[in-house]
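The lines below spell out each chain.
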Amino acid sequence: MPPDLAATRAFSIEVVQQLKQAGFQALWAGGCVRDLLLGRESKDFDVATNATPDEVRDVFGHDHTLPIGASFGVITVNGGRRRGQVEVATFRTDMGYSDGRRPDAVRFSSAEEDAQRRDFTINGMFYDPVEEKVLDYVGGQRDLKNGLVRSIGNPYLRFEEDKLRMLRAVRFSSTFAFDLELATQRAIREFASHIHVVSAERIAAEMRRMLVDNHRMIAVRMLRDLTLMDELLPELDSVVGHALRWSETYQSLERLQVADFSAAMALLLRYACQRSVLNGEPHRPVEPAAAIAARWKLTNDETKTIQWILRHEGLIRRADEVAWPKLQRLLIQEPAPLLIEAGRAIQRAKAISTEGVDYARSRIELPEEDLNPAPLLNGGDLIQAGYQPGPQFQRVLEAVRDEQLEKRIATTAEALDFVKVQWDNL
């Protein structure tokens, strides 16, 4: 059970209060301050302080703290299952980024110096939840008011330090529908080819957050315009360079009405994988989706769902023309609702009728006994009836299942009579 957000927020204020009572400066930092000023709900409440990691542990006790990030000045304070955890970070200055990801070393510093090491102005503010006061050393409030994502200081240095910040810039701009400051844009274009320094897991995590958001189409457009798409998804070259395909891809992402990464990825890759889908066998991996999933180290469920949607989106869009047994076999699969939503998004992007997917949606809402009745026969029943096991068994059972779903047979006895008559022809 996830922590209660209200309880986590209250706990983070208690953390600030305890540090203040112990004689230290303590403030909310980063995204929670941005979200507070935007009137958005925040899930994480990070605290920044001038207390050292050892002093933080002394205040809260070693039994209630975890020194997982202590080498970077971060101590996790545990509030229990209901209140969750709060990260407490000592104000610091980072001393170089040799690997383009983590600082080589840190020097503990002041709040103002700490703000200067952060990525974007809208994420570089502090807030005192006790005195209800904002501390802004980087112009974050101004940029929030103007709807602008701007690097703190020199954007080239910020992206040289951590290449993932390029994707974070796109995510923040798209999520909040903010403009991306021009110098920050130029720096991203120059550093785009360096994105491969970032681990596959971190890239995938950012892409998930972009593609489940309602503004996913803005993110995709920005990735293209900033040349990050060329680096992350070279498989889309033939799509991005084709005006009609790109427009339809963009429109389908805009019309997708479910916040699901796999469905969005399927729409994004649809044209790139179309030839593979047409030429491939039903259960073989869909290229290039399989290659991308492997490169980004997506989960098995994500990979299978993306490929499954790609194989069947054409069928679901004409579901009203498909024999019921064939359609039923799709609708009983777990990702079927995602397939329907992806199909509807494609039809709407093409500005053509959604009658087929609407029919599929009506059928998926059937009672379980109608949508997926228990099979009348299995292999054991055939053996008991005197039939010899072999390759024909699967064809026989599928034919029986078709008859059952078409409601031409309804009992095991009728199923066995059907097999007796049809065995030699199946």
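Residues numbered from 1 in each chain as written. Predicted model: local features only at pLDDT ≥ 70, side-chain atom pairs only at ≥ 80, totals over all residues. Heavy atoms only, no water.

Here we look at the overall build of the protein chain
Our working definition: To qualify as a helix, a DSSP run of H or I must reach at least 4 residues; to qualify as a strand, a run of E must reach at least 2; elements of each kind are numbered from the N terminus. Throughout, radius of gyration means the C-alpha value; the globule benchmark is 2.2 Å times the number of residues raised to the power 0.38. Working rule for contacts: check all heavy atoms of both residues, and any pair within 4.5 Å makes them a contact. For every accessible area listed, the method is Shrake-Rupley and the probe measures 1.4 Å; residues are considered covered only by the protein chains on display. The sign given to each residue is positive for Lys and Arg and negative for Asp and Glu; His and the chain ends receive no count. Positions of charges follow a simple convention, taking NZ of Lys, CZ of Arg, CG of Asp or CD of Glu.
Check the secondary structure of the protein chain and you find 24 helices and 11 strands. Relative to the globule expectation of 22 Å for 426 residues, the C-alpha radius of gyration of the protein chain, 28 Å, shows a markedly less compact shape. C-alpha atoms of the protein chain, sized along the principal axes, occupy 90 × 50 × 35 Å. Sequence-distant contacts, at least 24 apart, represent 64% of the contacts inside the protein chain between residues at least 6 apart. With the model as given, the accessible surface of the protein chain reaches about 20700 Å², and the carbon-plus-sulfur share is 47%. Between the centroid of the 55 positive side chains of the protein chain and the centroid of its 63 negative side chains there is a distance of 3 Å.

A look at the sheet that holds strand β5 (residues 85-90)
Going by this rule: For two strands to be treated as a pair, DSSP must find no fewer than two bridges joining them. In this analysis, axes come from line fits to C-alpha atoms, helices being fitted only over the stretch in contact, and the angle between any two N-to-C directions falls in the range 0 to 180 degrees.
Overall, mixed pairing links the seven strands, which are arranged β3-β4-β5-β2-β1-β8-β9 in an open sheet. For this open sheet the edge positions go to β3 (65-69) and β9 (133-135), each flanked by a neighbour on one side alone. The mean angle between the axes of side-by-side strands here comes to 35 degrees, regardless of whether they run parallel or antiparallel. The sheet strands contacting helix α3 (residues 53-60) are β2 (46-49), β3, β4 (74-78) and β5, and the helix crosses β4 at an angle near 10 degrees.

Some words on the domain arrangement of the protein chain
Just so we agree on the cut-off: These domain boundaries are the output of an automatic or database domain assignment.
Partitioning the protein chain into structural domains gives domain 1 (1-146), domain 2 (233-372) and domain 3 (379-423). On a C-alpha basis, the centres of domain 1 and domain 3 stand 65 Å from each other.

Points about the side chain of Ser173
Quick note on the threshold: To sort residues, take the accessible area from a 1.4 Å probe on protein chains only and compare it with the maximum for the residue type: under 20% means buried, over 50% means exposed, and anything in between is partly exposed.
Looking at the element boundaries, Ser173 is found in helix α8 (residues 165-176). Classification of Ser173 as buried rests on a relative accessible area of 1%.

Some details on the packing of aromatic side chains
Centre-to-centre distance and the angle between the planes together describe a pair of aromatic rings. The test is simple: Pairing of aromatic rings covers Phe, Tyr and the six-membered ring of Trp, with a centre-to-centre limit of 6.5 Å; geometry is then stacked below 30 degrees between planes, edge-to-face above 60, and tilted otherwise. Should the NZ of a Lys or the CZ of an Arg lie within 6 Å of a ring centre and within 35 degrees of the ring normal, that charge is described as sitting over the ring.
Within this structure, the stated rule accounts for nine aromatic pairs. On the numbers, 6.5 Å between centres and 55 degrees between planes, the contact of Phe120 with Phe159 is tilted. Highlighted residues: Phe120 in the loop between α5 (111-116) and β8 (126-128) and Phe159 in helix α7 (residues 155-161), separated in sequence by 39 residues. Summarising the burial analysis for this pair, Phe120 and Phe159 share the class buried. Where Phe120 meets Phe172, the ring centres are 6.0 Å apart and the plane angle is 75 degrees; that geometry is what we call edge-to-face. Placement of the pair is Phe120 in the loop between α5 and β8 and Phe172 in helix α8, with a sequence separation of 52 residues. When sorted by exposure, Phe120 lands in the same class as Phe172, which is buried. The structure contains a cluster of three or more aromatic residues connected by ring pairs, namely Phe120, Phe159, Phe172, Phe176 and Phe178. Across from the ring centre of Phe261, 5.7 Å away, lies the NZ or CZ of Arg208, which sits over that ring. A cation sits over an aromatic face here: Arg270 above Tyr271, 4.8 Å from the ring centre.

What about the nonpolar core?
Heads up, the condition is: Among the buried residues, those of types Ala, Val, Leu, Ile, Met, Phe, Trp, Tyr and Cys that are joined through side-chain atoms within 4.5 Å form a nonpolar core.
Residues Leu228, Leu232 and Trp296 are the most contacted members of the largest nonpolar core, which totals 103 residues. Ranked by residue count, the leading element in this core is helix α15 (residues 261-279), at 11 residues. Three or more residues apiece are contributed to this core by two domains, here domain 1 (1-146) and domain 2 (233-372). Core analysis: the next-biggest nonpolar cluster, separate from the first, contains 13 residues, Leu376, Tyr387, Val400 and Ala415 among them.

Considering the environment of Lys407
If you trace the backbone, Lys407 turns up in the loop between α23 (392-405) and α24 (412-422). On the accessibility criterion, Lys407 (63% relative accessible area) is exposed. In the structure, Lys407 is positioned 37 residues away from Asp370 in sequence and 9.7 Å away in space, judged by C-alpha atoms.

Some remarks on the environment of Arg348
Within the secondary structure layout, Arg348 lies in helix α19 (residues 336-349). Residues Arg348 and Arg329, spaced 19 residues apart in sequence, show a C-alpha to C-alpha distance of 25 Å. Each residue touching Arg348, except ones within four places of it in the same chain, is listed here: Arg255, Gln257 and Thr354.

Some thoughts on helix α16 (residues 289-296)
We apply this condition: Each direction from the helix axis to a C-beta atom contributes to the arc, which is the arc of those directions.
When α16 is considered as a whole, its buried residues turn out to be Ala289, Ala290, Ile292, Ala293 and Trp296. Relative to the axis of α16, the buried residues are bounded by an arc of 165 degrees and lie together on one face.

What to know about the pattern of salt bridges
What counts here: Here a salt bridge means any side-chain nitrogen of Lys or Arg lying within 4 Å of a carboxyl oxygen belonging to Asp or Glu.
Applying the stated criterion to the full structure yields 29 salt bridges. Asp162 is the salt-bridge partner of Arg202, the closest N and O atoms lying 3.4 Å from each other. Remark: Asp162 occurs in the loop between α7 and α8 and Arg202 occurs in helix α10 (residues 200-211); sequence separation between them is 40 residues. Residue Arg202 is classed as buried on the basis of its relative accessible area, which comes to 19%. Of the charged contacts in the structure, one is a salt bridge between Lys297 and Glu201, with a shortest N-O distance of 3.6 Å. One end of the pair, Lys297, is in the loop between α16 and α17 (300-316); the other, Glu201, is in helix α10, and 96 residues separate them in sequence. Classification of Lys297 as exposed rests on a relative accessible area of 53%. For Glu201, a relative accessible area of 43% puts it in the partly exposed group. Salt bridges sharing common partners tie together Glu248, Arg270, Glu313, Arg317 and Lys350.

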